[in-house]
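# A look at the structure
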Amino acid sequence: MIGLHTADEVRAAEAPLLAAGPEGALMQRAATGLATVCLRLLGRAHGTRVTALVGAGDNGGDALFAGAQLAARGARVTAVLLDPDRAHPAGLARLRRAGGRVAGPDGPTGLDRADLVLDGITGLGGRGGLRPEAAALVVRAAAGPGLMVAVDLPSGVDPDTGAVAGRAFPAQHTVTFGAVKAGLVVGEGRQHAGQVHLVDIGLAGTLPRPRAVRLTDDDVAARLEPPTDADDKYSRGVVGIVAGSATYPGAAVLCTGAALRTRPGLVRYAGTAAAGVRAAWPEAIVTEGRPSDAGRVQAWVVGPGMGTDDGAADVVAEVLATDLPVLLDADALTLVARRPDLVRDRTAPTVLTPHDREFARFGQDVGADRIGAARRLAADLGAVVLLKGAATIVAAPDGPAFVNGTGTPELATAGTGDVLSGIAGALLAAGLPAAEAAATAAHVHGRAGQLAAEGGPLIAGDLVRRLPRTLARLRRGSGAGLGD
Ligand SMILES: NC(=O)C1=CN([C@@H]2O[C@H](COP(=O)(O)OP(=O)(O)OC[C@H]3O[C@@H](n4cnc5c(N)ncnc54)[C@H](O)[C@@H]3O)[C@@H](O)[C@H]2O)[C@@H](O)CC1
Ligand SMILES: [K+]
């Protein structure tokens, strides 16, 4: 599991080390880690051109010290100082001693010929959108040929929320120090950070337990226990699905297929799309009746494509009245947004899987702080909230939030949400705690999407078809971690 931390947590973790250690020791570790990643990205230092954009704080200091190390190895390094009087004095002196040059934003920046651009404008101390002069420099850097490398975090990205007000540095790589900041993996920050490289500067002993985490493939594999000889179809969890309609059976077919392909124990379907589900998935046990006619299940998935009429409202209420885990998606979200007490009154786990518009039906917009928004709704409803997005968030009333790290923009297509619900429902029925089931499902769904997208644009059914291979790969272990 990768801990995701806030700027305050990182600063608090640094404080005792700064007090105890020799001056500048942490910055030296950071700069050496940064220079090492840059060398790896460049392949060699000698003869390469590096431009460092240097702000007035310690983030600029990191860039200057790393620039000095690259210059000492033969790179032609130019430091562009946004505020020459306040640039980190020791870093600047070191860069000059190593043969680096210094320019102002309007001078010979070398951006038009750089192999690599280091963004040391702002780090944890950045506030609000980049100031105009910094923003203009970022635009020129992005127009040039250099590989874009952010120091600690892309300037202009909020370290905690990933929010970007105005312009931010569009990094291809971010070399971050001590801990992965939440803003690098969520919201617009995720799009600006590129691949994230974590440099250990010795904070492991002083960082608090993270309030947000990201699952790795290995974490997910550990939650996807393969069946054993002792298992039978009931012991692996029976999921019940209420979805689709006679006119629109697609959601029911996708959701049922995803559940079957995730844990081929037993999947029961109850609803008016019964004929379509039976035709597509003879393995499922299907009834046209109500959920109570379906037989014994260990968890319910309710909502995709079922409509929002009175009949659908009754069915949702019936399922929520059980003491089983329930996942609510799509139309069921619209219905419970009108009657949130149906969720609040439950003692068994409930998982809601809104996208931003469905989220807003509960009375507040998602806004720029997606983790915070998911946490607030989870606390309000006493339920697990899976907030869909480029980085899907899973928050519970207590415990850490999960920020998903898998997926592809290709997943933004009809029916993929129905597949996600089916996967999550199967994992709920298998007995995973609700937040973990949701977070594991989001990870698997994203990996299935990545696998399917290898073959070009995908449709939701491709995800269902790729699930067995996705699960097999995850169980085998691919070792993929940060930044994938
Ligand atoms: N404290 C430490 O010992 C360590 C700090 N480190 C580095 O230090 C950074 C934090 O340094 P600071 O606290 O000095 O702050 P930063 O260097 O992140 O930023 C502060 C400076 O940026 C300017 N600034 C703020 N908002 C701006 C905006 N919107 N547009 C343009 N300029 C803006 C401010 O005028 C200020 O001078 C970390 O992100 C990390 O890179 C690392 O070297 C690790 C060790
Ligand atoms: K930066």
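Residues numbered from 1 in each chain as written. Chains lettered and ligands numbered in written order. Predicted model: local features only at pLDDT ≥ 70, side-chain atom pairs only at ≥ 80, totals over all residues.

If you look the protein chain up in an unreviewed UniProt entry, it shows as Bifunctional NAD(P)H-hydrate repair enzyme from Trujillonella endophytica. Listed under Subunit (unreviewed entry) in UniProt, the entry text for the protein chain is "Homotetramer." (UniProt positions renumbered as here; feature names shortened; annotations may be inferred.)

Attention now moves to the UniProt feature "domain: YjeF N-terminal" (unreviewed entry) in the protein chain. Cross-referencing UniProt, the feature "domain: YjeF N-terminal" (unreviewed entry) maps to residues 10-209 in the present numbering. In residues 10-209, helix accounts for 36% and strand for 18%; the two terminal C-alpha atoms are 12 Å from one another. (Helix = DSSP H or I, 4+ residues; strand = E, 2+ residues; numbered from the N terminus.)

Moving on to the packing of helix α3 (residues 58-72) against helix α4 (residues 89-97). For the pair α3 and α4, the least separation of the axes is 8 Å and the interaxial angle reads 15°. Regarding the angle of α3 to α4, the classification is roughly parallel. Along this stretch, α3 crosses α4, giving a crossing that reads as left-handed. On α4, the residues touching Gly61, Leu64, Phe65, Gly67, Ala68 and Ala71 of α3 are Gly91, Leu92, Arg94 and Leu95. Its residues assigned to classes, the contact of α3 with α4 shows 6 nonpolar, 3 polar and 1 charged. (Axes fitted to C-alpha atoms, helices over the stretch in contact; angles between N-to-C directions. Parallel < 35°, antiparallel > 145°, perpendicular 65-115°, else oblique. Left-handed = near helix turned anticlockwise from the far one by under 90°. Contact = placed C-beta atoms within 7 Å. Nonpolar A, V, L, I, M, F, W, Y, C, P; charged D, E, K, R; others polar.)

Another aspect to go through is helix α2 (residues 25-42). When the terminal C-alpha atoms of α2 are compared, their 26 Å separation across 18 residues agrees well with the 26 Å that a helix rising 1.5 Å per residue should span. When α2 is considered as a whole, its buried residues turn out to be Leu26, Met27, Ala30, Ala31, Gly33, Leu34, Ala35, Cys38 and Leu42. Structurally, α2 contributes buried residues whose contacts are with α1 (7-20), α3, β5 (116-120), β6 (147-151), β7 (173-177) and β9 (195-199). In the stretch just after α2, glycine 43 is the one whose phi turns positive, near 90°. (Expected span 1.5 Å × (residues − 1). Buried ≥ 20, exposed ≤ 12 C-beta atoms within 10 Å, placed from the backbone.)

Another point: helix α11 (residues 331-338). The set of residues buried in α11 consists of Asp331, Ala332, Leu333, Leu335 and Val336. Residues of α11 that are buried in the fold lie against β14 (299-302), α10 (310-320), β15 (326-328), α12 (341-344), β16 (350-352) and α13 (356-360).

For leucine 432, the position within the fold is in the loop between α15 (416-429) and α16 (434-453). Look past the residues within four positions of leucine 432 in its chain and what remains in contact with it is Arg223, Leu427, Ala437 and Thr440.

What follows is about the domain arrangement of the protein chain. The assigned domain composition of the protein chain is domain 1 (2-210) and domain 2 (217-476). The partner domain 2 presents 10 residues to the 10 residues of domain 1 that form the contact. Here the element with the most residues in the side of domain 1 that touches domain 2 is helix α6 (residues 187-193); it accounts for 3 residues. Of the residues belonging to the side of domain 1 that touches domain 2, the class tally is 6 nonpolar, 3 polar and 1 charged. (Domains from an automatic or database assignment.)

Quick look at the nonpolar core now. Core analysis: the biggest nonpolar cluster contains 167 residues, and Val384, Val394, Val403 and Ala438 have the highest contact counts within it. A total of 10 residues in this core trace back to one element, the largest contributor, which is α16. (Core = buried A, V, L, I, M, F, W, Y, C linked by C-beta atoms within 7 Å.)

A few words now on the site of ligand 1. In the neighbourhood of ligand 1, 28 residues make up the surrounding shell, with Ala56, Gly57, Asp58, Gly123 and Gly125 lying closest. It is α3 that contributes the most residues to the shell around ligand 1, 4 residues altogether. When the residues that make up the shell around ligand 1 are grouped by side-chain class, the tally is 12 nonpolar, 10 polar and 6 charged. (Near = placed C-beta within 6 Å.)

Strand order in the open sheet made by the 12 strands is β8-β1-β10-β19-β18-β17-β16-β15-β14-β11-β12-β13, with mixed pairing throughout. At either margin of the open sheet sits one strand with a lone partner, and together these are β8 (180-181) and β13 (285-287). Of the strand pairs in this sheet, β14 and β15 are connected by 3 bridges, and their pairing is parallel. Note that in β15 the partner of tryptophan 300 across the bridge is valine 326. (Pairing = 2+ DSSP bridges.)

We now examine the packing of helix α8 (residues 250-262) against helix α17 (residues 460-476). Packed helix pairs are characterised by how far apart their axes lie and by the angle those axes make with each other. The contact between α8 and α17 brings their axes to 8 Å, and the two run at 10°. Here α17 runs roughly parallel to α8, going by the angle between their axes. Taking contact as the criterion, the partners of Leu254, Gly257, Ala258, Arg261 and Thr262 in α8 are, on α17, Ala460, Gly461, Val464, Leu467 and Pro468. Split by residue class, the contact of α8 with α17 holds 6 nonpolar, 3 polar and 1 charged.

So, about the UniProt feature "binding site: K(+)" (unreviewed entry) in the protein chain. According to UniProt, the positions carrying the feature "binding site: K(+)" (unreviewed entry) are Asn59, Asp119 and Ser155. Over a stretch of 97 residues, the named residues converge on one spot in the fold, their C-alpha atoms separated by at most 9.5 Å. Structurally, aspartate 119 can be placed in strand β5. Assessed through the 33 C-beta atoms surrounding it within 10 Å, aspartate 119 is described here as buried. Leaving out residues up to four positions away in the same chain, aspartate 119 has contacts with Leu53, Val149, Ala150, Val151, Pro154, Ser155, Phe169 and Ala171.

Another aspect to go through is the environment of leucine 386. Mapping leucine 386 onto the fold places it in strand β17 (residues 384-387). With 29 C-beta atoms packed within 10 Å, leucine 386 lands in the buried category. It is 31 Å that separates the C-alpha atoms of leucine 386 and aspartate 200, two residues lying 186 residues apart in sequence. Each residue touching leucine 386, except ones within four places of it in the same chain, is listed here: Val351, Leu352, Thr353, Thr392, Val394, Ala438 and Ala442.

Here the focus is the environment of alanine 258. Inspection of the secondary structure puts alanine 258 in helix α8. Sequence separation of alanine 258 and lysine 388 is 130 residues, and the distance between their C-alpha atoms is 18 Å. Dropping the residues within four chain positions of it, alanine 258 is found in contact with Val419, Gly422, Ile423, Val464 and Leu467.

This paragraph deals with the sheet that holds strand β2 (residues 49-54). Pairing is parallel in the open sheet, where 7 strands are placed in the order β4-β3-β2-β5-β6-β7-β9. Of all strands in the sheet, those bounded by a partner on one side alone are β4 (101-103) and β9. Across the sheet, the mean angle separating the axes of adjacent strands is 20° when strand polarity is ignored. The pairing of strand β3 (residues 76-81) with β4 spans 3 bridges and is parallel.

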